[in-house]
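So the chains spell out like this:
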Amino acid sequence: MNRNKGIKTSFILLLVCLFVLSACSSKSDQGSASSAASSGSASQSASSASGANVTLNGVFLGATWGQATQELAKEYEKETGVKVNIELVGRDVMYQKLALAIAGQANYDLFNVDYNWIPEFASTNSLLPLDDLIKKYNVDTSAYLPRALALTQWNGKNGSFGEGGTIYGLPQTIHPHLLWYRADLFNDPKNKADFKAKYGYDLAPPKTMAQFKDAAEFFNGKVVDGQKIYGWAAQASKGFGNVHTWLSFLYSNGADVIDWNTMKSSLSTPQAIEATKTWVDLLKYSPPGINDYTFAEVASDAAQGKLAMAIHWSWSAFEVDDPKTSKTVGKWEFVQLPAMKESVPHLAGWSIVIPKTSKNAEEAFKFMTWLENKQNDVKQALMGGGDPVRTESYSDPALTGAKIDGTDVQRFRRYTALSEAMKTTKARPFFPQEEKWETTVSEYLSAAQFGKMSVEEALAKADEAVNKMLK
Amino acid sequence: MKKLRLARTGPYLVMAPGMILLLLFSIYPVLFLLKISFQEYSPISIRNPFVGFANYTNLFQDHNFWNALKVTAIFVVSTVALEFAIGLALAIILNRLPIGQRLFQSIVLLPIAMAPTVVGLMFRFMMNEQYGVLNYFMELLGFSRQAWLSDLHLALPALIITDIWQWTPFMMIILLAGLKGIPDEPYEAASIDGASPWQMFRYVTIPQLSRIISIALLLRTIDAFRIYDTIYMMTKGGPINVTSTLSWIVYDQGFKFLEFGYGAAICVVMLIIVVSFISLIMKRMNLFEAEGSR
């Protein structure tokens, strides 16, 4: 009887083990399953690559530029007969799909990537270098904004953003941080008079961080159109949001996150400490719950008229100009970020790459260059896709002359500030461990935001954790 | 004799095909997981060297792991205990309802039918500091607004409340099934002996339900231990790391940093913890069984 019980118990324990472990490993299992499932179709595509009926499979971010790509892919099929399936997914899923597709040699030809993944995947020889194809098809890469193209280049050196190198993709959209401000509030005569009386100088879009602080303090708590408004907002949530905003402060104060010569974390320099303290201190002029603000909350508060200023991505401006959802259509203007020592906004951007495992690399490249040609760069912007990556697009009359529906307000009025920002903007640290670096630093910044650690302590601990990671 | 043998082996024969399939589809990932927990393994790496116990030694020196273990323990103990208490109370009430049992059951069961991601998103909206319905009612009742998801002291309780809302009905339905299976005789006997309602509950209901309670606790504990989706939708492990559970750091290591080897080591440790707990419950179940057969 006891022996039977023992057997039963062991059997049930074994089953529980299997369930729990299966749950832990289900993703890797999925990866191998999907690769196995796709290997059949991969060989099918390989054979069809030389024929007329090529089908490309791409995975794009489920953002506006991904949706625009889906639409344009239909036009491409009509023009060339090449079918392009575009799957739209979120950022996390995209990263997993890319890694597992490469590991499992799945049948994907194009991936839309956040640029910080390029050094990581290029360093493991997982992305197709495009230099030969660029030469073969005579693609003029000088037409792209230099800092947009630099997001796709990697010369194998850590921190080498802007130093050239092998081209692994083409940029699809860029969006540096801009300072958003409510022009109607800044131009209001009463606000102007009150501001001058309090601070002794004219109220204008801030050019320095000291002016930004004054303006944030001045507007914070005011009641506008029956609703309380806050001085400013920006992404501040743990994850990636807080790192993204903080980098703009850090870069603008002349600091860098890593000493690229020694590969040691450099977050405890006086410049980094000053920048971080400034940012943390300014959060008191932000809405309650700011430490949980992601991209969506900033855009939503701006559209609902709850903010006087924001430090936010250029591309997101469409959200405040949408008459269906915004109470502030045409009221926002955009300028360069206020300078600490100088104005160096953090640059975000998404590029298109071809995994080395693609069976239709050449066809994928043709689609990619078609998607990012002069006409389609403008078309994507008009479709609400994202900010253009070609220099000439910024002076294209189709964009400069476009108005918000039913108004006389320029739809792309941010382009002047954006073009200026693209001359000084800087990418996130350019090295293969960037994703892990960001997560590590984010946690300590979050501790400083919540006052659980002093800025100095948080940065020192972040230094320690990053150095451990870099070993 | 032949019949006896068939009676003994019959159930195993019937279960065999299912079990074989389960083992086939589970055994490989499990062995693979165990193997890569001893490797520096990334799916995009050209080489994935064996590193012995390095992943495990690093794990025990990682403050994130100890924090996640603490958060997981608080989460599991709080949710399972409260879900059990509320579930049992609801089951007893429902069992005594003269009418409307089915309707009430259907309504109460709705949360289980919802995907955890949907529940997470729903509660994220409800607990939004500025627009959330929860703060609206708090203000109506004269309380101040709370930053439910970004306050260091409220974020974990917010997750616990969400889990309780979704999974208490599950506990309730299992316990209700158990209550319905208790015969009337023991209650009648206790009543004749002059037992009070509390004594009947303590000495009749609870012992009769003990096996069902063990199963309910077992299932909910395993499930609570693996919580991930709700955290993803509501707090993403923050603020700072107050809602980072073991599953959350497994995800971070595996799918954010592609450090599958390290992630696998965490999974193995999780497994050891869960299996230890299961053994404990099983032991108790065996004890009950032994007591019952005496």
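Each chain carries its own residue numbering, running from 1 in the written order of its sequence. For naming, the first written chain is A and the first written ligand is 1, with later ones following in the order written. It should be noted that, the model being predicted, local features are given only for residues of pLDDT at least 70 and side-chain atom pairs only at 80 or more, the latter also being counted only at that level, while totals for whole chains, interfaces and linings use all residues.

**Things to note about the overall build of chain B**
Here is step 1 of the chain: When helices and strands are tallied, chain B shows 12 helices and zero strands.
Here is step 2 of the chain: Its helices and strands in sequence order give chain B the pattern α-α-α-α-α-α-α-α-α-α-α-α, from N to C terminus.
Here is step 3 of the chain: For chain B, the C-alpha atoms occupy an extent of roughly 75 × 75 × 30 Å along the three principal directions.
Here is step 4 of the chain: Three classes are used. A residue is buried when 20 or more other C-beta atoms lie within 10 Å of its own, exposed when 12 or fewer do, and partly exposed in between, with C-beta atoms placed from the backbone. When each of the 294 residues of chain B is scored for burial, the buried share is 34%.
Here is step 5 of the chain: By the convention adopted here, residues make contact when the C-beta atoms placed from their backbones lie within 7 Å. Within chain B, residue pairs in contact and separated by at least 24 positions form 70% of the contacts whose partners lie at least 6 positions apart. Only DSSP runs of H or I with at least four residues qualify as helices, and only runs of E with at least two residues qualify as strands; both kinds are numbered from the N terminus onward.

**A word on the domain arrangement of chain A**
All names here are of chain A.
Here is step 1 of the chain: Where each domain starts and ends comes from a domain assignment, either automatic or drawn from a database. Domains assigned within chain A are domain 1 (25-174 + 348-400) and domain 2 (176-347 + 415-470).
Here is step 2 of the chain: Between domain 1 and domain 2, the C-alpha centre-to-centre distance is 30 Å.
Here is step 3 of the chain: Between domain 1 and domain 2, the contact holds 20 residues from the first and 23 residues from the second.
Here is step 4 of the chain: Where the side of domain 1 that touches domain 2 is concerned, the elements lending two or more residues are helix 4 (117-123), strand 6 (169-182) and strand 14 (347-353).
Here is step 5 of the chain: In terms of residues, the side of domain 1 that touches domain 2 owes the most to one element, helix 4, which gives three residues.

**What about the pairing of strand 12 (residues 307-313) of chain A?**
Residues and elements named next belong to chain A.
Here is step 1 of the chain: The buried fraction of strand 12 is high, at seven of seven residues.
Here is step 2 of the chain: Following DSSP output, two strands are said to pair if at least two bridges run between them. One ladder, built from three bridges, connects strand 9 (residues 230-233) with strand 12; its direction is parallel. Of the residues in strand 12, the one forming a bridge with Tyr 230 is Leu 307.

**Considerations on the packing of helix 3 (residues 63-96) of chain B against helix 9 (residues 197-225) of chain B**
Residue and element names in this part refer to chain B.
Here is step 1 of the chain: Comment: axis = line fitted to C-alpha atoms, over the contacting stretch for helices; angle = value between 0 and 180 degrees taken between N-to-C directions. One way to put it is that helix 3 packs onto helix 9 with a least axis distance of 9 Å and a crossing angle of 145°. As for the relative orientation of helix 3 and helix 9, their crossing is right-handed in sense. Across the interface between the two elements, Thr 72, Phe 75, Val 76, Thr 79, Val 80, Glu 83 and Phe 84 of helix 3 pack against Leu 217, Arg 220, Thr 221, Ala 224 and Phe 225 of helix 9.
Here is step 2 of the chain: Side-chain classes follow a simple rule in which Ala, Val, Leu, Ile, Met, Phe, Trp, Tyr, Cys and Pro form the nonpolar group, Asp, Glu, Lys and Arg form the charged group, and the remainder, Gly included, forms the polar group. Grouping the amino acids of the contact of helix 3 with helix 9 by side-chain chemistry returns seven nonpolar, three polar and two charged. The sense of a crossing depends on the near helix, which, turned anticlockwise from the far helix by less than a right angle, makes the crossing left-handed and, turned clockwise, makes it right-handed.

**Some words on the environment of A:Ile174**
Residue and element names in this part refer to chain A.
Here is step 1 of the chain: By secondary structure assignment, the location of Ile 174 is in strand 6.
Here is step 2 of the chain: Separated by 182 residues in the primary sequence, Ile 174 and Lys 356 place their C-alpha atoms 24 Å from one another.
Here is step 3 of the chain: Contacts of Ile 174, omitting those with residues within four sequence positions, involve Leu 145, Ala 148, Leu 347, Gly 349, Asp 387 and Val 389.

**Regarding helix 9 of chain B**
Because an α-helix packs 3.6 residues into every turn, residues spaced three or four apart end up facing the same way.
Residue and element names in this part refer to chain B.
Here is step 1 of the chain: Working rule for helices: expected span equals 1.5 Å times residues minus one. Its 29 residues give helix 9 an end-to-end C-alpha distance of only 35 Å, which falls more than 12% under 42 Å, the value for a rise of 1.5 Å per residue.
Here is step 2 of the chain: One axis fitted to the seven residues ending at a residue, another fitted to the seven starting there: the angle between these axes is the bend at that residue. Taken as a whole, helix 9 carries its principal kink of about 55° at Ser 210.
Here is step 3 of the chain: All of the buried residues in helix 9 are Thr 205, Leu 209, Ile 213, Ala 216, Leu 218, Arg 220, Ala 224 and Phe 225.

**Some thoughts on the packing of helix 10 (residues 241-252) of chain A against helix 17 (residues 434-449) of chain A**
The description of two packed helices rests on the angle between their axes and on the distance between the axes.
All names here are of chain A.
Here is step 1 of the chain: Where helix 10 meets helix 17, the closest approach of the two axes is 8 Å, and the angle between their N-to-C directions is 80°. Taken together, the axes of helix 10 and helix 17 lie roughly perpendicular to each other. Residues Asn 242, Val 243 and Trp 246 of helix 10 pack against Glu 438, Val 441, Ser 442, Leu 445, Ser 446 and Gln 449 of helix 17. Throughout, the term roughly parallel applies to angles under 35 degrees, roughly antiparallel to angles over 145, roughly perpendicular to angles from 65 to 115, and oblique to all others.

**A word on the nonpolar core**
Here is step 1 of the chain: Ranked by size, the top nonpolar core spans 192 residues in total, and within it A:Trp232, A:Met309, A:Ala310 and B:Ile266 carry the most contacts.
Here is step 2 of the chain: Of the residues forming this core, the biggest block, 12 residues, is contributed by helix 12 (residues 260-293) of chain B.
Here is step 3 of the chain: When residues of this core are assigned to domains, at least three fall in each of domain 1 (25-174 + 348-400) and domain 2 (176-347 + 415-470) of chain A.
Here is step 4 of the chain: With residues near it in sequence (within four places) discarded, A:Met309 still touches A:Leu179, A:Trp180, A:Tyr181, A:Ala215, A:Ala216, A:Gly231 and A:Trp232. Definition of nonpolar core: a set of buried Ala, Val, Leu, Ile, Met, Phe, Trp, Tyr and Cys residues joined via C-beta atoms within 7 Å.

**A word on the confidence of the model for chain A**
Here is step 1 of the chain: Mean pLDDT for chain A: 89, with 89% of residues reaching 70 or above.
Here is step 2 of the chain: Note: pLDDT gives the predictor's confidence per residue, expressed from 0 to 100. Every residue in residues 18-51 of chain A is under pLDDT 50, and counting partners more than four places away or in other chains gives 58 contacts.

**What to know about the pairing of strand 6 of chain A**
Residue and element names in this part refer to chain A.
Here is step 1 of the chain: For strand 6, the buried fraction is high: 14 of the 14 residues fall into the buried class.
Here is step 2 of the chain: Sheet topology places strand 6 next to strand 14; seven bridges connect them, and they run antiparallel. Within the sheet, the bridge partner assigned to Pro 176 lies in strand 14 and is Leu 347.
Here is step 3 of the chain: Bridge count for strand 6 against strand 12 is five bridges, and the pairing is antiparallel. Counterpart to His 177 in the pairing with strand 12 is Trp 313.
Here is step 4 of the chain: Where strand 6 meets strand 13 (residues 332-335), four bridges bridge the pair, whose relative direction is antiparallel. The residue of strand 13 that forms the bridge with Leu 179 is Val 335.

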